[in-house]
Amino acid sequence: MPDINSPIGLFDSGVGGLTVASAIRQALPGEQMIYFGDTAHLPYGDKSKDTIINYSLQITDFLLGKGCKLILIACNSASSNAYKEVRDFVGEKAMVLNVIDPVVEYVANETESHNVGVIGTKATINSETYPRGIQSRNPGIEVSSLATPLLVPMIEEGFIFDDISNAIVRSYLSRKELQGIDSLILGCTHYPIIKNQISRYFNFEVNVIDSAKIVAEKLRDVLTEKHLLRTDKHPGHEFFVSDHTEYFGIIASMFFGEKIKLDKISL
Ligand code: DGL
């Protein structure tokens, strides 16, 4: 059975979840992480629910095999389409957390937001997980969502703070769905990489909310409550991908904020 010294397992379709891993490393320095990026199958945002569930369960099985005490679904597309199935699959073997619920709770309970926009992949936006979650907790908040599928490939190709990305960001953020919002949820773990660019588009007048720090804090609360928060020195993080190219290594280090070594593994 996992104990306090067991690692946290987290996964994403690729390297996006490393923005969450980076926030966890800062907020919970004693925790060891085992990260899986399903680079052979990305993007998840264009896949069907069944396919996202299928991939998520295979990865969860791998992470459970590594003895993880908690599985964090560090991908909005998988959090919105496969959370229940992952929880059922894991049962009592470990805890399961997704990246959406902590943000929904934060927005509904801890902000003064009235008009919230959400951007994310097609899989996340079509699931309506954010508007349902926020409005069931706080019906006074208006939520409008917009799928922004070009942002993931744009970021993965390194188009950040340049003419191409400025044009794409402007074209999405000027859409009618996002007029009059006071807060914007970045409903994809890739988007923190362009948070400043998005804030600048709104002249820093819209509260741009990214899940990384909020999720890391939630994780600390959950582990503390269960007396499973590790505070001593851990043996080092492990990073696995299902397909490896030199480029994944370069952007993975950029997303995590320090140089990391990716190991390729087929599930
Ligand atoms: N990082 C994933 C998410 O948070 C999106 C990438 C993808 O579509 O695979 O939704």
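The following refers to the structure shown. All values derive from a computational prediction rather than experimental measurement.

Reading guide: rules and limits
- Residues numbered from 1 in each chain as written.
- Predicted model: local features only at pLDDT ≥ 70, side-chain atom pairs only at ≥ 80, totals over all residues.
- Heavy atoms only, no water.
- 1 Å grid on protein atoms, 1.4 Å probe; cavity = no way out; pocket = protein on both sides within 12 Å on 5 of 7 lines; lining within 4 Å.
- Points joined across faces, edges and corners; volume = space filled by probe spheres on them.
- Nonpolar A, V, L, I, M, F, W, Y, C, P; charged D, E, K, R; others polar.
- Axes fitted to C-alpha atoms, helices over the stretch in contact; angles between N-to-C directions.
- Helix = DSSP H or I, 4+ residues; strand = E, 2+ residues; numbered from the N terminus.
- Parallel < 35°, antiparallel > 145°, perpendicular 65-115°, else oblique.
- Left-handed = near helix turned anticlockwise from the far one by under 90°.
- Contact = heavy atoms within 4.5 Å.
- Pairing = 2+ DSSP bridges.
- Salt bridge = Lys/Arg side-chain N within 4 Å of Asp/Glu carboxyl O.
- Buried < 20%, exposed > 50% of the residue type's maximum accessible area, 1.4 Å probe, protein only.
- Near = heavy atom within 4 Å.
- Polar contact = N/O pair within 3.5 Å; in protein donor to acceptor, adjacent residues only side chain to side chain.
- Areas by Shrake-Rupley, 256 points an atom, 1.4 Å probe, with all protein chains shown as cover.
- Sits in = over half its atoms within 2 Å of the grid points.

1. Here's the deal with empty space enclosed by the protein
Turning to step 1, where the next piece is worked out: On inspection of all chains with the given rule, the structure shows one cavity of 30 Å³ or more.
Turning to step 2, where the next piece is worked out: Empty space within the largest cavity amounts to approximately 90 Å³.
Turning to step 3, where the next piece is worked out: S13, S77, T121, C188 and H190 are, among the 13 residues lining the largest cavity, the residues nearest its centre.
Turning to step 4, where the next piece is worked out: Considered class by class, the residues forming the lining of the largest cavity number five nonpolar, seven polar and one charged.

2. Quick notes on the packing of helix α1 (residues 18-27) against helix α10 (residues 211-225)
Turning to step 1, where the next piece is worked out: Closest axis-to-axis distance for the α1/α10 pair is 8 Å, and the angle between their directions is 50°. When the axes of α1 and α10 are compared, the pair comes out oblique. For α1 against α10, the interelement crossing comes out right-handed. Of α10, the residues touching α1 (which contributes T19, V20, A23, I24 and A27) are A212, K213, V215, A216, L219 and R220.

3. Quick look at the sheet that holds strand β3 (residues 70-73)
Across a sheet, paired strands are connected by hydrogen bonds in the backbone, their directions being either parallel or antiparallel.
Turning to step 1, where the next piece is worked out: Taken together, six strands build an open sheet; the order of strands is β4-β3-β1-β2-β9-β10 and the sheet is parallel. Only two strands of the sheet have a single neighbouring strand rather than two, namely β4 (95-98) and β10 (263-264).
Turning to step 2, where the next piece is worked out: Both strand β2 (residues 33-37) and strand β9 (residues 238-241) contribute to a ladder of four bridges, which runs parallel. Bridging from a neighbouring strand, Y35 pairs with F239 of β9.
Turning to step 3, where the next piece is worked out: Taken strand by strand, α1 contacts β1 (8-12), β2, β3 and β9, and its axis lies near 170° from that of β2.

4. With respect to the pattern of salt bridges
Turning to step 1, where the next piece is worked out: Using the criterion set out here, one finds 12 salt bridges in the structure.
Turning to step 2, where the next piece is worked out: Between R25 and E258 there is a salt bridge, with its nearest N and O atoms 2.5 Å apart. Residue R25 is found in helix α1, and its partner E258 is found in the loop between α11 (246-256) and β10; the two are separated by 233 residues along the sequence.
Turning to step 3, where the next piece is worked out: We classify E258 as partly exposed; its relative accessible area is 40%.
Turning to step 4, where the next piece is worked out: Measuring nitrogen to oxygen at the nearest pair gives 3.8 Å for the salt bridge that ties R175 to E177.
Turning to step 5, where the next piece is worked out: Judged by its relative accessible area of 24%, E177 falls in the partly exposed class.

5. What about the environment of G9?
Turning to step 1, where the next piece is worked out: You can see G9 is positioned in strand β1.
Turning to step 2, where the next piece is worked out: Each C-alpha atom of the pair G9 and L70 lies 6.1 Å from the other, and the pair is 61 residues apart in sequence.
Turning to step 3, where the next piece is worked out: Not counting residues up to four positions away in its chain, the partners in contact with G9 are I34, L63, C68, L70, I71 and L72.

6. As for the site of the ligand
Turning to step 1, where the next piece is worked out: Taken together, 13 residues sit near the ligand, with S13, Y44, G45, N76 and S77 positioned nearest.
Turning to step 2, where the next piece is worked out: Contacts to the ligand include Y44, whose backbone N or O atom sits 2.6 Å from an oxygen atom.
Turning to step 3, where the next piece is worked out: Taking S77, its side chain carries an N or O atom lying 2.9 Å from an oxygen atom of the ligand.
Turning to step 4, where the next piece is worked out: The protein chains hide 99% of the 300 Å² of surface that the ligand would expose on its own.
Turning to step 5, where the next piece is worked out: Cavity membership is defined here by more than half of the atoms lying within 2 Å of grid points; on that basis the ligand lies in the largest cavity.
Turning to step 6, where the next piece is worked out: Among the residues forming the shell around the ligand, the class breakdown is five nonpolar, seven polar and one charged.

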